[in-house]
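# Chain and residue survey
Listed below are the residues making up each chain.
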Amino acid sequence: MELALTLDSDLAQPLHRQIYEQIRDRILSGQLARSQRLPPSRALAQSLQVSRATVSLSYDQLLSEGYLETRPGAGTFVAAQLPEALLQVEGHPSAPVLEAIPLRLSRYGQAIALAPPWQNQPAAPYNFRYGHPSLELFPLPLWKRLMAQEMSAHRRWMDYATDPLGYGPLREAIAQYLTRARAVTCHPDQIVITHGTQQALQLVTQLFIDPGEAIALENPGYLGAQRIFRSRGALLQPVPVDGDGLIVSALAQLQPIPKLIYVTPSHQFPTGALLSLPRRLQLLDWAQQHHCLILEDDYDGEFRYSSRPIPALQGLKANAPVLYLGTFAKVLFPGLHLGYAVVPTNLVQTFAQARWLSDRHCSLLDQAVLARFITEGHLERHLRRMRLCYDRRRQILMDALKANFGDRVTILGDSAGLHLVARLHSGLCDQAVVDRAAQAGVYLASLQDHNLQSCQGDFILGYSEVSEAQIETGIQRWAAALHRWPKTVIGQPVIDKKP
Ligand SMILES: Cc1ncc(COP(=O)(O)O)c(C=O)c1O
């Protein structure tokens, strides 16, 4: 058969590539039918006036990609089944979804299905959302340079990891950093690299908790943790907090004795309280006596403004019954999705195996870049810079709150972290306060979402992502929106109209 192709030797594209593309296009468009015989390479070369090697190169490429096939003694043919067909599922994308079988979910599956979907905090012009670091000051050119260097140094990062604990140099870098900056007592072989605190909490809950078993947790407390515990069918035992953090004496009333206690001692989430030293010691003693494992979530303890960083609970006593959790989501950027657990030595191998079963390992390239970022001193330099930036924003926020709300506002938990709590005497229900703010372009959250009992009047304001000018204007707009509320003036209570 004849195959008329148009070749242009003036093009930058080599001739064999031109032949390859034209034959492939004709196969895909159906001009060359499946199983149709192609001219022998010598004949095609003659008709196109190119060398036979050029045509052979094109045919070989098409053969290797599955567009052509050879039949011994018969020649070269268009493949009976094209490679595209093998990569696509049959059927139309808009075909109705068939409910093939009734879902017989596990108790875990049912709990997940019944829970309200996870909601991202919305974007707003004046966005006081919490838990997100400022991204504009991150040293991206440096990160890119380290990444390019690590990428071209070798290709091991492209393969599966071999160490279920995580990339060795990163574990060493984290161990040194934690010993220096957080007074954590640890060996690199106790560190397991995770995809963040959420994954670590999920793993430890699976390892320790059967449905119905008890976990004590701060109230108010971190919703992400509450959801994991609840989905596992755990019995949640809320323990109140005050200005000194978890009220440890309240643990004595818990029945049954919890297997795990989840705490955020450096900066209680969300109230911001710092767990006092006497309570830390009391908590360690209680946990030791009752064979309870403490989960210490140190999510943003690096950012302390008014006093020196407090040593982690984990490092306060030898053999403290603590599993310490850290994340790079706040100190670097959440999309990196890396964190770590410092695991008691008798649990390390089990924890690492569970981690491996869950999703094997984190990106080796990201871990290698992060290891260099820490060992070359960039992490602590970045932390120093961000601490100054957040401290300025925090001060401006506190001044703006006082200027706009006067003695109707009390500020809590402002000595650390990336957010504070404004306790507001507005006389409005929380939802009304949040809605009014939203109408004025201001996003902030009520603390109610994190409370297992009802509470009123406390609002979480993150200050890490808002510029200094935005903070001042945002708070002015919020205050003005509350003053405009038709049924009340700030300070005069009205009936709660919560839906
Ligand atoms: C108290 C607390 N712990 C942990 C995390 C999440 O850490 P990660 O993103 O590493 O799962 C957050 C996130 O906002 C948090 O507020």
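Residues numbered from 1 in each chain as written. Predicted model: local features only at pLDDT ≥ 70, side-chain atom pairs only at ≥ 80, totals over all residues. Heavy atoms only, no water.

## Some remarks on unusual backbone geometry
Here the residue pair Asn219 and Pro220 is connected by a cis peptide bond, since its omega of 0° sits within 30 degrees of zero. Positionally, Pro220 belongs in the loop between strand S6 (214-219) and helix H9 (223-231). In this structure, Pro270 follows Phe269 across a cis peptide bond, with omega equal to 5°. Residue placement: Pro270 occurs in the loop between strand S9 (260-263) and helix H10 (277-289). With phi around 60°, His337 is a residue other than glycine that occupies positive phi space. Tracing the backbone shows His337 in the loop between strand S11 (322-327) and strand S12 (339-342). Under the relative-accessibility criterion, His337 is labelled partly exposed at 45%. (Helix = DSSP H or I, 4+ residues; strand = E, 2+ residues; numbered from the N terminus. Buried < 20%, exposed > 50% of the residue type's maximum accessible area, 1.4 Å probe, protein only.)

## Side note on the nonpolar core
Counting residues in each nonpolar core, the largest one holds 70 residues, and the members touching the most others are Phe328, Leu332, Leu401 and Trp478. Looking at this core, the element that brings in the most residues is helix H13 (residues 378-405), giving 11 residues. If near-sequence neighbours (up to four positions away) are discounted, Trp478 is found in contact with Leu401, Phe405, Leu424, Val433, Ala437, Val442, Leu444, Phe459 and Leu461. Counting 27 residues, the second largest nonpolar core, distinct from the first, contains Val204, Ala234, Tyr262 and Leu295. (Core = buried A, V, L, I, M, F, W, Y, C linked by side-chain atoms within 4.5 Å. Contact = heavy atoms within 4.5 Å.)

## Some remarks on the domain arrangement of the protein chain
Along its sequence, the protein chain is carved into domain 1 (15-87), domain 2 (160-376) and domain 3 (385-483). The C-alpha-based centres of domain 1 and domain 3 are spaced at 67 Å. (Domains from an automatic or database assignment.)

## Regarding the site of the ligand
In the vicinity of the ligand, the contacting residues are Gly196, Thr197, Gln198, Tyr222, Tyr262, Phe269, Asp297, Tyr299, Thr327, Ala329 and Lys330. Thr197 places a main-chain nitrogen or oxygen 2.9 Å from an oxygen atom of the ligand. Between the ligand and Gln198, the relevant distance is 2.9 Å, taken from an oxygen atom to a main-chain nitrogen or oxygen of the residue. Coverage of the ligand by the protein amounts to 86% of the 390 Å² it exposes when considered alone. Of the residues that constitute the shell around the ligand, the class distribution is five nonpolar, four polar and two charged. (Near = heavy atom within 4 Å. Polar contact = N/O pair within 3.5 Å; in protein donor to acceptor, adjacent residues only side chain to side chain. Areas by Shrake-Rupley, 256 points an atom, 1.4 Å probe, with all protein chains shown as cover. Nonpolar A, V, L, I, M, F, W, Y, C, P; charged D, E, K, R; others polar.)

## A few points about the pattern of salt bridges
For the structure shown, the criterion picks out 19 salt bridges. Between Asp391 and Arg394 there is a salt bridge, with its nearest N and O atoms 2.8 Å apart. On the criterion of helical spacing, the pair formed by Asp391 and Arg394 is a turn pair, its members being three residues apart in helix H13. We classify Arg394 as buried; its relative accessible area is 5%. (Salt bridge = Lys/Arg side-chain N within 4 Å of Asp/Glu carboxyl O.)

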